[in-house]
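Chain and residue survey
These are the residues of each chain, in order.
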Amino acid sequence: MRILVLGSGGREHAIGWKISQSEKLEKLFIAPGNGGTQDLGENLNLSVGDFESIKKAVIQEKIDMLVVGPEDPLVQGIRDFFEKDPQTKDLKIIGPGAAGAQLEGSKDFSKSFMQRHGIPTAKHATFQLSGLQDGQAFLSQLKPPYVLKADGLAAGKGVLILENLEEARTELANMLQGKFGKASERVVIEEYLDGIECSVFVLTDGKDYLILPEAKDYKRIGEGDTGLNTGGMGAISPVPFADDSFMKKVEEQIVKPSVQGLANEKIPYTGFLFIGLMAVEGNPYVIEYNVRMGDPETEVVMPRIQNDLVELLSAAAEGRLGQENLETNPETAATLMMVSGGYPEAYEKEKEISGLDQVEDSLVFHAGTKLDQGKLLTAGGRVLAITSFGKDHKEALSKSYANARRIQFDKAYYRKDLGFDLD
Ligand code: AMP
Ligand code: GLY
């Protein structure tokens, strides 16, 4: 099979790495890929939003399967684009159409969907500019902290959590007046959930599903979960508190009604569904849906899957996932993200990376790198994800930390405290 993975981060490197182990693979392409993915296959210099150019490559390279890494092209309807074109209608696509992608593309849609299907989530109300006063009155009825969410995609920055009522009322006005552009034309105000977070991943064909290994990611830049939110500074799988009884609740109360709800609403869905959960006193509540895998969670989830990924993806694309069983490595996988100094604010790029040849007993997934005349350079905020296995998260992390010390680039930064909240 000839497979194209769309995207350029650690997630796409980890998916490509797993695909490259399949006996069913004939050739792997990654678009645009990075300095690491080019060791797995051929990087194609295409933008993930340029559907016409992707189509040309699909036809020219006789691609059989397209695996869409990030959410943007899904929300923009890449699946619908290929399905309606007679030249590409047989392409197998991993990722939902625009209708299903609304689960991530619109917080209001996803909250209403959860309500319609009785899926546990924080209470909410949605407002637009004409309802600003109602929104401010609604805030006054809630207890702090106040959670304000831009309805649309805002590159992970569209959620504000505020302690002070006046500030929340002001920020609601700012958001509705364009703080996040079109994404915050509507704002979801939601009850605050006090608990511990966990990410659950599902692969579904719209009818059956497999629950992939769950993971916990560390979103904040600073130690002790302080400072700005990032794309993710590290991840651990399995999650110690997500025991069998918790995961049973997740399956019965969340995964089954989500997949069934999509089917009942006649929304076809082939691909990954990422459910961001808050565990509150042992009960799961949905914080958000994403219609793709997480990053850096993929860098621990893929290494724990023992099945042939191409077989699982083919089964999903052909609607026969019900015949598949997931096999997972019971050991703990942990990934540590090395980032450019300054990230998630301004940072410099094009720093030479050295020491990768010294790495022992870890996998290194490239998140933001590029090869330039034989030199490996930084090319993003998140640069490398170092994944290791161990009998528990401490052992796994100690290997990743030992390897991080062997890798150098100017102003490299990583958190030294991953797993601090799991003891
Ligand atoms: P989201 O983009 O919806 O995942 O929100 C970003 C982050 O804000 C989440 O990962 C949580 O840490 C936090 N968050 C979102 N909604 C809530 C909520 N209702 N209660 C508490 N924390 C929340
Ligand atoms: N690590 C969180 C995400 O991928 O959205």
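Below or above, wherever it landed, is the structure these notes cover.

Cut-offs and rules
Each chain has its residues counted from 1, following the order in which its sequence is written. Here every chain gets a letter starting at A, and every ligand a number starting at 1, in the order they are written. Totals for whole chains, interfaces and linings use every residue, but because this is a predicted model, local features are given only for residues with pLDDT of at least 70 and side-chain atom pairs only at 80 or more, for both listing and counting. Excluded from the side-chain calculation are hydrogens and water; included are all heavy atoms of the structure. Aromatic contacts are taken between Phe, Tyr and Trp rings whose centres are within 6.5 Å, Trp giving its six-membered ring; a plane angle under 30 degrees counts as stacked, one over 60 as edge-to-face, and the others as tilted. Each helix corresponds to a stretch of at least 4 residues labelled H or I by DSSP, and each strand to a stretch of at least 2 residues labelled E; elements are numbered beginning at the N terminus. Working definition: with a 1.4 Å probe on protein chains only, accessible area under 20% of the residue-type maximum means buried, over 50% means exposed, and in between means partly exposed. We count a charge as sitting over a ring when the NZ of a lysine or the CZ of an arginine lies within 6 Å of the ring centre and within 35 degrees of the ring normal. Any residue with a non-hydrogen atom lying within 4 Å of a molecule or strand is treated as near it. In protein, a polar contact means a hydrogen-donor-capable atom and an acceptor-capable atom, both N or O and within 3.5 Å, with residues adjacent in sequence counting only if both atoms are side-chain atoms; elsewhere, any N or O pair within 3.5 Å suffices. In this description, accessible areas are obtained by the Shrake-Rupley approach with a 1.4 Å probe, and a residue is regarded as covered only by the protein chains that are shown. Amino acid classes used here: Ala, Val, Leu, Ile, Met, Phe, Trp, Tyr, Cys and Pro are nonpolar; Asp, Glu, Lys and Arg are charged; the rest, including Gly, are polar. Note on definitions: angles span 0 to 180 degrees between N-to-C directions of axes, and those axes are lines fitted to C-alpha atoms, for helices only across the stretch in contact. Note on angle classes: values under 35 degrees are labelled roughly parallel, values over 145 roughly antiparallel, values of 65 to 115 roughly perpendicular, and the remainder oblique. Throughout, a residue-residue contact means that at least one pair of heavy atoms, one from each residue, lies within 4.5 Å. Here, strands pair whenever DSSP counts at least two bridges between them. Residue count minus one, scaled by 1.5 Å, sets the expected span of a helix. This arc describes the spread of directions from the helix axis toward the C-beta atoms.

**Considering the packing of aromatic side chains**
The final tally for this structure, using the stated rule, is eleven aromatic pairs. Between F109 and F113, the ring centres sit 6.4 Å apart and the planes meet at 25°, which makes this aromatic pair stacked. Of the two residues, F109 and F113 are both situated in helix α6 (residues 107-116); the distance of four residues between them amounts to about one turn of the helix. Residue F109 shares its accessibility class with F113, and that shared class is buried. With centroids separated by 5.9 Å and ring planes inclined at 75°, the aromatic side chains of F241 and F246 adopt a geometry described as edge-to-face. An aromatic cluster of three or more residues is present, and its members are F51, F81 and F82. Note that K216 overlies the ring of Y218, its terminal NZ or CZ placed 4.9 Å from the centroid.

**A closer look at unusual backbone geometry**
Going from S237 to P238, the amide bond is cis rather than trans, its omega being 0°. Counting through the fold element by element, P238 comes out in the loop between β15 (234-237) and α9 (244-264). Across the junction of D295 and P296, the peptide omega takes the value 25°, indicating a cis bond. Of note, P296 is situated in the loop between β17 (283-290) and α10 (298-304). The phi dihedral of Q373 is positive, around 50°, even though this residue is not glycine. Accessibility expressed as a relative area gives 81% for Q373, which makes it exposed.

**Some points on the site of ligand 1**
As a structural note, the neighbourhood of ligand 1 is formed by 14 residues, with E190, E191, L193, E197 and E288 the closest of them. Between ligand 1 and the protein, one listed contact pairs a nitrogen atom with a backbone N or O atom of E191 at 2.9 Å. The side chain of K219 places a nitrogen or oxygen atom 3.1 Å from an oxygen atom of ligand 1. Against a free-state accessible area of 470 Å², the protein chains account for coverage of 88% of ligand 1. Elements supplying a minimum of two residues to the shell around ligand 1: β7 (146-150), β8 (159-162) and β17. Taken together, the residues of the shell around ligand 1 sort by class into seven nonpolar, no polar and seven charged.

**Details of the packing of helix α1 (residues 10-19) against helix α11 (residues 309-317)**
Here α1 crosses α11 at 100°, and the two axes come no closer than 8 Å. Between α1 and α11, the interaxial angle falls into the category roughly perpendicular. Two secondary-structure elements touch here, α1 through I15, K18 and I19 and α11 through L309, V310 and L313. The residue makeup of the contact of α1 with α11, split by class, is five nonpolar, no polar and one charged.

**Points about the sheet that holds β8**
On the basis of which strands lie adjacent, the open sheet formed by four strands has the order β6-β9-β7-β8 and antiparallel pairing. A strand with exactly one partner marks an edge of an open sheet, and here the two such strands are β6 (124-128) and β8. Averaged over all pairs of adjacent strands, the angle between their axes in this sheet comes to 20°, without regard to strand direction. Note that β7 and strand β9 (residues 186-190) share four bridges and pair antiparallel. Its bridge partner lying in β9, K149 is registered against V188. The strands touched by helix α7 (residues 132-141) are β6, β7 and β9; relative to β6, the strand with the most contacts, the crossing angle is about 150°. The strands that helix α8 (residues 165-176) touches are β6, β7, β8 and β9; relative to β7, the one it contacts most, it runs at about 5°.

**Regarding the packing of helix α5 (residues 98-105) against α6**
α6 packs onto α5 with a crossing angle of 100° between their chain directions and a minimal axis gap of 6 Å. Taken together, the axis directions place α5 and α6 in an arrangement best described as roughly perpendicular. Two secondary-structure elements touch here, α5 through A99, Q102, L103 and G105 and α6 through K107, F109, S110 and F113. When grouped by side-chain class, the residues that make up the contact of α5 with α6 number four nonpolar, three polar and one charged.

**Some points on helix α12 (residues 393-404)**
For α12, with twelve residues, the first-to-last C-alpha span of 16 Å sits near the 16 Å given by 1.5 Å per residue. Listed in full, the buried residues belonging to α12 are H393, A396, L397, S400, Y401, N403 and A404. Taken down its axis, α12 places every buried residue within 160° of arc, on the same side.

**A few points about α6**
Of all ten residues that make up α6, seven are buried, and the element is covered over most of its length. Those residues of α6 that fall on the buried side of the exposure criterion are K107, D108, F109, S110, K111, F113 and M114. Looking one or two places after α6, you find G118, whose phi comes out positive at around 65°.

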